[in-house]
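Spelled out, the chains give:
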Amino acid sequence: MNMDVTVPLHGKVALITGGTSGIGLETARVLARNGADIAINGFGSADEIEEIRTSIGATTGRRVEHFAHDLSDYGQASRLVADALAKCEAVDILVNCAGVQHVCDIERFSDDAWNRLIAVNLSAAFATIRSAWPGMKTRGWGRIINVASTLAMRAENQKSAYVASKHGILGLTREIALEGAPLGITCNAICPSWVLTPLVRQQVEAKAKELGLSFEETARTAFLRDLPTRRFVETAEVAATMLFLCSNAAKSVTGAAIPVDGASTVR
Ligand code: NAD
């Protein structure tokens, strides 16, 4: 869907983790359409990645680089910005969007699952922010957007690591906003409710199996009942919010947790 918001981003480079799927991929498309060169990090088959690179490049004329650093490995997360800088010269916009989910009650939640989720959803963002910082500071301009969740503000059954990681990234966002304020660097968290990406599709499918219901019936009764709008949030809506945060008009919007959630957190 075209959200009809335009922001001149020519001359800027955006690094988007989780940029090969779902919310991150749509953000890459939207930022490229508005003039930014793009570096995406994430997984996918060689064919899928090539299709993403050529389709964004062909429709926008922007440069699109791809990295496949495994962000569950702190060393690889720490190297990502340096590797992006080596190819793209700058990282003006950093979108920490990569995320994973693990649904399990606390008694059976394994150390491995906890450590992996915290590494991807939280520690990797710390590593990328710290590495992107010196360049943003030197240029006196930076935009950092962390994709949190409505679960940065409340909890949900069987999601201990995810909820902890999203509360954590909101705390990190506020801290970075304070440190960035005198430097022209903003840092915000976006808090979507349900968006029908592969991450959520898996959860709906698992629940449908458990309940013995169709995908649609499960989505309606077990997921969309959380949303007063009774529909999934679209990736384009989240990307449009990110685009606004990248604009100069948003230079005083920093340290915010912005819900894109159809009023689900206010009831
Ligand atoms: P998605 O599954 O479509 O995309 C996840 C991305 O993260 C992919 O590009 C994947 O390759 C990348 N990724 C996963 N593990 C990785 C790893 N170890 N190393 C490097 N990259 C890795 O998911 P999505 O729904 O687009 O989620 C994006 C972000 O939005 C996540 O942080 C998620 O928590 C958040 N979010 C999603 C929803 C939703 O309903 N979909 C709601 C709130 C918040």
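Bear in mind that the values here come from a model prediction, so they are computed numbers and not experimental data. (Residues numbered from 1 in each chain as written. Predicted model: local features only at pLDDT ≥ 70, side-chain atom pairs only at ≥ 80, totals over all residues. Heavy atoms only, no water.)

Section: the pairing of strand S5 (residues 142-147)
Next, step 1: Burial analysis of S5 places 6 of its 6 residues in the buried class, the great majority of the element.
Next, step 2: Of the two faces of S5, both are covered, the one formed by Gly142, Ile144 and Asn146 as well as the one formed by Arg143, Ile145 and Val147.
Next, step 3: Bridge count between strand S4 (residues 93-96) and S5: 4 bridges; the pairing is parallel. Bridging across to S5, Ile93 finds its partner in Arg143.
Next, step 4: Bridging between S5 and strand S6 (residues 185-192) involves 6 bridges; their strand directions are parallel. Of the residues in S6, the one forming a bridge with Ile144 is Cys187.
Next, step 5: Handedness of the S5-helix H5 (residues 160-180)-S6 crossover: right-handed. (Buried < 20%, exposed > 50% of the residue type's maximum accessible area, 1.4 Å probe, protein only. Helix = DSSP H or I, 4+ residues; strand = E, 2+ residues; numbered from the N terminus. Pairing = 2+ DSSP bridges. Right-handed = clockwise from strand over helix to strand, strands pointing away.)

Side note on helix H1 (residues 22-33)
Next, step 1: Here H1 contains 12 residues, and its C-alpha end-to-end distance of 17 Å stays within 8% of the 16 Å for a straight helix at 1.5 Å per residue.
Next, step 2: What H1 keeps buried is the set Ile23, Gly24, Leu25, Glu26, Thr27, Ala28, Val30, Leu31 and Ala32.
Next, step 3: Against strand S1 (13-17), strand S2 (37-41), helix H2 (46-60), S4, S6 and helix H8 (235-246) lie the buried residues of H1.
Next, step 4: Where H1 terminates, the next one or two residues include Gly35, which has phi positive at roughly 110 degrees. (Expected span 1.5 Å × (residues − 1). Contact = heavy atoms within 4.5 Å.)

Topic: the environment of Thr27
Next, step 1: Along the chain, Thr27 turns up in helix H1.
Next, step 2: A relative accessible area of 0% places Thr27 in the buried class.
Next, step 3: In sequence terms Thr27 and Glu237 are 210 residues apart; their C-alpha atoms lie 9.7 Å from each other.
Next, step 4: Thr27 has contacts with Ile16, Val95, Ala239 and Met242, leaving out every residue within four places of it along the chain.

Details of the site of the ligand
Next, step 1: With respect to spatial proximity, 31 residues lie near the ligand, and among them Thr20, Ser21, Tyr162, Val195 and Thr197 are the closest.
Next, step 2: Taking Tyr162, its side chain carries an N or O atom lying 2.5 Å from an oxygen atom of the ligand.
Next, step 3: If the ligand stood free it would expose 830 Å²; the protein chains cover 94% of that surface.
Next, step 4: Taken together, the elements giving at least two residues each to the shell around the ligand come down to H1, helix H4 (111-139), H5 and helix H6 (198-211).
Next, step 5: Mapped onto the domain boundaries, the shell around the ligand takes at least three residues apiece from domain 1 (13-193 + 233-260) and domain 2 (196-232). (Near = heavy atom within 4 Å. Polar contact = N/O pair within 3.5 Å; in protein donor to acceptor, adjacent residues only side chain to side chain. Areas by Shrake-Rupley, 256 points an atom, 1.4 Å probe, with all protein chains shown as cover. Domains from an automatic or database assignment.)

Some words on the packing of H1 against H8
Next, step 1: The N-to-C vectors of H1 and H8 enclose an angle of 50 degrees; their axes lie 8 Å apart at closest approach. Taken as axis vectors, H1 and H8 run oblique relative to one another. Crossing of H1 over H8 shows right-handed handedness. Where H1 approaches H8, its residues Gly22, Ile23, Glu26, Thr27, Val30 and Leu31 are matched on the opposing element by Thr235, Ala236, Val238, Ala239, Met242, Leu243 and Cys246.
Next, step 2: Taken together, the residues of the contact of H1 with H8 break down into 9 nonpolar, 3 polar and 1 charged. (Axes fitted to C-alpha atoms, helices over the stretch in contact; angles between N-to-C directions. Parallel < 35°, antiparallel > 145°, perpendicular 65-115°, else oblique. Left-handed = near helix turned anticlockwise from the far one by under 90°. Nonpolar A, V, L, I, M, F, W, Y, C, P; charged D, E, K, R; others polar.)

A closer look at the domain arrangement of the protein
Next, step 1: The assigned domain composition of the protein is domain 1 (13-193 + 233-260) and domain 2 (196-232).
Next, step 2: Taking the mean C-alpha position of each, domain 1 and domain 2 sit 25 Å from one another.
Next, step 3: Contact with domain 1, which involves 16 residues of that partner, is made by 9 residues of domain 2.
Next, step 4: Buried area between domain 1 and domain 2, both sides added, is near 740 Å², and the carbon and sulfur share of it is 52%.
Next, step 5: If you sort the residues of domain 1 by the area they bury against domain 2, Gln101, Ser193 and Val233 come out on top, with a joint share of 43%. (Buried area = accessible area lost by both parts, 1.4 Å probe.)

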